[in-house]
Structure formats: C-alpha cells, structure tokens
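Reading the structure
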Amino acid sequence: MPHTEIVNISRPLTEMARLQPDTPAIIFPQDNRTLTFRELDAESDCLAAGLEHIGITRGTKTALLVPPGPELFALTFALFKAGAVPVFIDPGIGARNMKGCLADAEPTAFIGIPKAHVARRLFGWGKKSLTTLVTVGGGRIWGGIPLAEIAKSGRGADFTPAATGRNEIAAILFTSGSTGAPKGAIYTHGTFSAQVEMLRNLYGIRPGEIDLPTFPLFALFAPALGMTAVIPQMDFTRPGHVNPQRILDIATKYRATTMFGSPALLNRVSRYAVTRGIKLPGLKRIISAGAPVPAAVLERCTQMLSDNAEIFTPYGATEALPVSSIGSREILGETGRLTGEGRGICVGRPVKGVSLAIIPISDDPIVSWNADLPLPVWQVGEITVSGPQVSRAYLNRLEATRLAKIPDPARGFWHRMGDLGYVDNTGRIWFCGRKAHRIVTATETLFTIPVEGVFNTHPKVFRTALVGVGKQGSQQPILCVELESKVDKAAQEQIRRELMEIGSRYPHTRDIDKILFHPAFPVDIRHNAKIFREKLALWAEGKLS
Ligand SMILES: Nc1ncnc2c1ncn2[C@@H]1O[C@H](COP(=O)(O)OP(=O)(O)OP(=O)(O)O)[C@@H](O)[C@H]1O
C-alpha cells in the first residue's frame, strides 16, 4: 500500500511540548494567566476531543470569532488536531462584509464570544449554514454550548490528531478586502507547514524566544515556532490607535525578543518611545507587513532598538506569505534613498523556495502559464509567485480564482499578487503599488508608489496617495496629501509650491499638478496602514466638482 505522509499543522506544537514542556507558550497578562507548552498541547487535545463529541470533526468548517488569548490558541490547535477547518475573518470588517464572508465560507459551526453571538443573531450571519454553536466565556443564554462544558467532556481524553495530508484543507483566511470584497484563501496543512519553515529560516527564530504579537493571525505562528507569545492588552481591530506605553511596558517586562506590528502601530509606538528616550534593548527584531513602512518610521524604530537589532519588512499577502523580505539596514543604507527618487519600494529578494516572475499587466484571466510570460529585469509588471506557501484558490469564488491563479502543468499553479513591481539586476523586487490602483491617463500609465515616494520626501508630509479621477485611459492624476499632525493649515500653500518643485525633478512626477490636502486618509481595518485609494478617489472627485 502506498505510504501517505501525514502533515498536520498542530504537530509542531506537540513537538515543542515535548522539547520544552514547562516553557510558557502563552502569557496573558491582563488575566494573569500563563499556559506552558505542555498545558497548551493538553488543553487543545481535550478541546479537540470535546469538539468531536459535538460534531466538530474532520472537515467541519468553523467560524472562529474569538479575540487573541489562551482560548483562541487552544481552540485553533484543537480544530487543527480534529482536522476541522477554522475560518478566520477580521472582526473589524463590518457587519455586512462579515455576513458576506460567512455566506462564502458556509461554515456549519460557529465559535465566538458572547458579543459575536449577539451580532450573529442580530445580523443573521451564517443563517443558512450554521448548525453547531459554541460560546467562549459565557453561558447557554448566548445560544451556544459553553466552551467550559466542551473542555469538561473532553477532559482526560488521549487524542490522536487527524491523519491529514499535505493537500488537505486546514483553514480559510479572509483577505482584508482593500481592493473589493474580502476573499477566503484556502490554506492546506502543507501551506501552513511551509510558512512556518520559511519564517523560521528567514528570521532565524529559535525555540525559547519571546514574541510580542500585535496582529492576531501572526500570533498563531508563535507556538509552532516554539516562541512564548505574550498577548498585549489592546484593541486588535485598531492597531493604529494602540496605547504605546502599554506595548513598551509589556515588551520590557517580559523581555520580548521579537515583535510583529503593522506599520501604523510601529509609527505610533516609535514616535512615543523616541520622544521619551525609551529603548527596548532586548528586542532582536521587529517584523512589519501589510503596507509599506515609511523610512521615517524605520529610522525611529532603529533608535528604539540596540545596534544589532533590525526591522524586517516581509512582503506577501494572505494568499502567499512570505514572498520576500528586506531589513532596515539595507533600506536605510541604500534603497530608501532610491524610493525617494521614485524607483518604488524595495521589498528584498524572494525567499528560498518561492519562484517569482513579473508578467505583463492585464486585468484579464490567464488560462495557462507559458514560458514567454515573464518580463525582463527592470520592466514593471504584475508580481506572480509559485511555491508551497501559496494558496491555490479562493473558497466559493470561481471568478476571483480565475483572475488570480494561472494553471501551470509543471508547477501546479501561479498566484497573481495583484501588485505591480519589477526585479532589478541583483534580483531584488521593487514594489510599485497595487494593480487596481494604477492610473492610466491619455498619454501614460502611472504607478502609485513610485510617484508617492517622491512627494513623501517632504519633511512636513506624513503620506501621500495618488488617485485617478475619470475613466481609465483618460484619468486625471491627483495627489492627495496628509500632512504631519503638527503642521499648521496655513502652511498648505507654501507646501503645495514646494511639492510642485519636488515633483518637477522627475519625468514621472513632473506633470502632476493637482494637489489636494486631506485631514486623515481612510485606511484598512487590519493594519490601519493600507490607504483606501478608491475612497480617496471619490473624495477627490467630489472636491474637484
Ligand atoms: N512589505 C510590504 N510592502 C508593501 N506592501 C505590502 C507589503 N506587504 C504586503 N503589502 C501589501 O499588502 C497586500 C496584501 O494584503 P492582505 O493580504 O492583507 O489583503 P489585501 O490584498 O489588501 O486584500 P484584498 O485582496 O481583499 O484587497 C499585498 O498584496 C501588498 O499590496
């Protein structure tokens, strides 16, 4: 009989529980709770057994609306062990989007805190598909079986994880929906396993490290990598509004060695730390992703860190992570200056194990891969990747899948990132913005990041966003500008003149003559950092008329 390899993403946790049983896996300061690796492994065993008793078993799609804390970790690994399929959706995406995601995902089980159950009932989430309900941190009045009862029923069970295969579906992760409706990326046990290995190799993460995650989904990698996750008290749906002192206190108190934060969170924390001379000498690295991290933020972060520590900005997406990575030393020493000259943002070299190609820009599906597709170095096109960390399809979204994947008999498939960029002659990738955000005027195509990079060099500018008004082919480019918070409104006219002067230095910014000042750009809910250029374009259109 042929041997089928068992790949279950809960395995690294069990392995860590064997290697370092008494090391804390989760520290939850707000409730003064700690779970060691042994306890987390045992707790997820007992929950897996309990969940099976109520019908949450191999293949059961289960919406998981539980904020970061010991329960989320134990439940996630319990679901993996049972071979069930957790569905992760950002709670901040709004009731309507949530309803749409749940309609796409068709989960039959729903595990949530009481607040999530109230919203579920109020907005009719998952009405057509849900049959099993579980409540975390509440009694039966919320409409589900309390988690405590499930844990009790599974207590003492010796649970054997489901013998899942590499290509068996492990989870559904929804994108943040910054270019349309959020889409559910299908993750297999193989996708997760590849990601864990790649992150470990890329950043040299060792068991015993202390992680301070401020982004829920990334936090779940910590136990698999053998790191202790210290969960900060914060509103995870608003990382850009975090209390910086609290983050700094926790990092210091628990001697965090690594931290994951969105560019918006780092901006806030580093500003606060630098003005007060606060340092985090124990941190070895900060990892930030989701949107470009401005050079000024990187610079401030390095002031907070010791000399041998670095800030890394992996590039990737929900569908493919990580694709590449670069460190602050290379950015501040070289590539940041080129970003200011309009060359795009350097996101580093492809990680080991990923194949990357730049293909011609097109909004149409590509039915099959062919060797003539890749463009030569320096040419801007769509970033396309293939590798074990890339998800194959979106759940129940054939059209979106057709638009984003290119079948390739040799490799299986390629994923189109929906991002534009080029590769330089040393193999580094330069990100030039999202494909959907490019602006096509009567005479040229403009890419957002290379244009904005030039204007962002003005010291009084916090960020800029290039948007297009009108139909593609005859769009008018407009530069929206958000100033640093302390800049007086009266200075706007002077700044406008200075920006025009800066723009006149480069061929691709020379013709941009419409500048609008905006008080605070609309941004995404997950990272609070991706600029919603579609919304800004509507605002700009209104302003112009
Ligand atoms: N290091 C980085 N530098 C610049 N941009 C980045 C970086 N990392 C990620 N991004 C941007 O974030 C995108 C991935 O975001 P995410 O997966 O959260 O959802 P989304 O793609 O914004 O959602 P949707 O596909 O629904 O619009 C990438 O395609 C890229 O545009």
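Rules used in this analysis
Residues numbered from 1 in each chain as written. Predicted model: local features only at pLDDT ≥ 70, side-chain atom pairs only at ≥ 80, totals over all residues. Heavy atoms only, no water. Domains from an automatic or database assignment. Contact = heavy atoms within 4.5 Å. Buried area = accessible area lost by both parts, 1.4 Å probe. Salt bridge = Lys/Arg side-chain N within 4 Å of Asp/Glu carboxyl O. Pairing = 2+ DSSP bridges. Helix = DSSP H or I, 4+ residues; strand = E, 2+ residues; numbered from the N terminus. Axes fitted to C-alpha atoms, helices over the stretch in contact; angles between N-to-C directions. UniProt positions renumbered as here; feature names shortened; annotations may be inferred. Core = buried A, V, L, I, M, F, W, Y, C linked by side-chain atoms within 4.5 Å. Buried < 20%, exposed > 50% of the residue type's maximum accessible area, 1.4 Å probe, protein only. Disulfide = S-S within 2.5 Å. Near = heavy atom within 4 Å. Polar contact = N/O pair within 3.5 Å; in protein donor to acceptor, adjacent residues only side chain to side chain. Nonpolar A, V, L, I, M, F, W, Y, C, P; charged D, E, K, R; others polar. Expected span 1.5 Å × (residues − 1). Parallel < 35°, antiparallel > 145°, perpendicular 65-115°, else oblique.

Some details on the domain arrangement of the protein chain
Each assigned domain of the protein chain is listed here: domain 1 (11-23 + 37-191), domain 2 (344-435) and domain 3 (438-544). Relative to domain 2, the C-alpha centre of domain 1 lies at a distance of 31 Å. Taken residue by residue, the interface counts 16 residues in domain 1 and twelve residues in domain 2. Three residues stand out in domain 1 for area buried against domain 2, namely D104, K183 and I186, and they jointly supply 45% of the buried area on that side. The tally of links between domain 1 and domain 2 comes to one salt bridge. D104 is paired through a salt bridge with R397; the nearest N and O atoms lie 2.6 Å apart.

Observations concerning the sheet that holds strand β13 (residues 285-287)
Either a parallel or an antiparallel arrangement is found when strands of a sheet pair, and the pairing is made through backbone hydrogen bonds. Taken in spatial order, the seven strands line up as β2-β1-β11-β10-β12-β13-β14 in an open sheet, and their pairing is mixed. Every other strand in the sheet has two partners, leaving β2 (33-36) and β14 (310-312) as the edge strands with one partner each. Looking at each pair of strands side by side, their axes are set apart by 20° on average, direction ignored. Two strands pair when backbone bridges link them, and β13 and β14 are joined in this way by three bridges, in the parallel orientation.

Digging into the UniProt feature "domain: AMP-dependent synthetase/ligase" (unreviewed entry) in the protein chain
UniProt records the feature "domain: AMP-dependent synthetase/ligase" (unreviewed entry) at residues 15-395, using the numbering of this structure. The annotated region residues 15-395 carries 35% helix and 21% strand content, and the separation between its end C-alpha atoms amounts to 31 Å.

A short note on the nonpolar core
Grouped together as the largest cluster of nonpolar side chains are 101 residues, with contacts concentrated most on L75, I111 and F192. When residues of this core are assigned to their parent elements, the largest contribution, nine residues, is made by helix α3 (residues 70-82). Shared between two domains, this core takes at least three residues from each, and those domains are domain 1 (11-23 + 37-191) and domain 2 (344-435).

Quick word on the sheet that holds strand β4 (residues 85-88)
In space, the seven strands of this open sheet follow the order β7-β6-β5-β3-β4-β8-β9, with mixed pairing throughout. With partners counted over all chains shown, the strands left at the sheet margins are β7 (145-146) and β9 (184-188), one partner each.

Digging into the state of the cysteines
Cysteine pairs can be linked by a disulfide, which is a covalent bond between their two sulfur atoms. Inspection of every chain in the model, using the stated rule, returns zero disulfides. A disulfide-free cysteine, C301 has its sulfur positioned 18 Å from the sulfur of C346, the nearest such atom. Using a relative accessible area of 3% as the deciding quantity, one classes C346 as buried.

Observations concerning the pairing of strand β20 (residues 405-408)
Both β20 and strand β21 (residues 412-423) contribute to a ladder of four bridges, which runs antiparallel. Counterpart to P407 in the pairing with β21 is F413. Between the antiparallel neighbours β20 and β21 lie three residues.

Some words on the pairing of strand β10 (residues 210-213)
Judged by which residues are buried, β10 turns out to be covered on both faces: I210 and L212 on one side and D211 and P213 on the other are all buried. Pairing between β10 and strand β11 (residues 228-230): two bridges, direction parallel. Bridge pairing in β11 places I210 opposite T228. As defined by bridge partners, β10 adjoins strand β12 (residues 258-260) across three bridges and the pair is classed as parallel.

Describing the site of the ligand
Around the ligand sit 22 residues in total, of which S178, T179, T318, D419 and K530 are the nearest. Between an oxygen atom of the ligand and a side-chain N or O atom of K183, the distance comes to 3.4 Å. Between the ligand and P314 there is a distance of 2.9 Å, counted from a nitrogen atom to a backbone nitrogen or oxygen. Per-element accounting of the shell around the ligand gives the leading share, three residues, to strand β15 (residues 315-317). Classifying every residue of the shell around the ligand gives eight nonpolar, nine polar and five charged.

Observations concerning the side chain of H458
Relative to the elements of secondary structure, H458 occurs in the loop between α15 (448-455) and β25 (461-469). Take H458: its relative accessible area is 6%, and that puts it in the buried class. With residues up to four places along the chain from it excluded, the contact list for H458 reads I495, E498, L499 and I502.

Examining helix α17 (residues 533-544)
If you check α17, its first and last C-alpha atoms are 16 Å apart, about what twelve residues at 1.5 Å a residue would give, namely 16 Å. For α17, the elements touching its buried residues are α15, β25, β26 (476-483) and β27 (515-517).

Focus on the packing of helix α2 (residues 37-53) against helix α6 (residues 147-154)
The relative placement of two packed helices comes down to the angle between their axes together with the axis-to-axis distance. Direction vectors running N to C along α2 and α6 enclose 100°, while the axes themselves pass 7 Å from each other. Judged on the interaxial angle alone, α6 and α2 are roughly perpendicular. In this structure, α2 uses E43, C46, L47, A49, G50, L51 and H53 to contact α6, whose residues at the interface are L147, I150, A151, S153 and G154. In the contact of α2 with α6, the residues fall into seven nonpolar, four polar and one charged.

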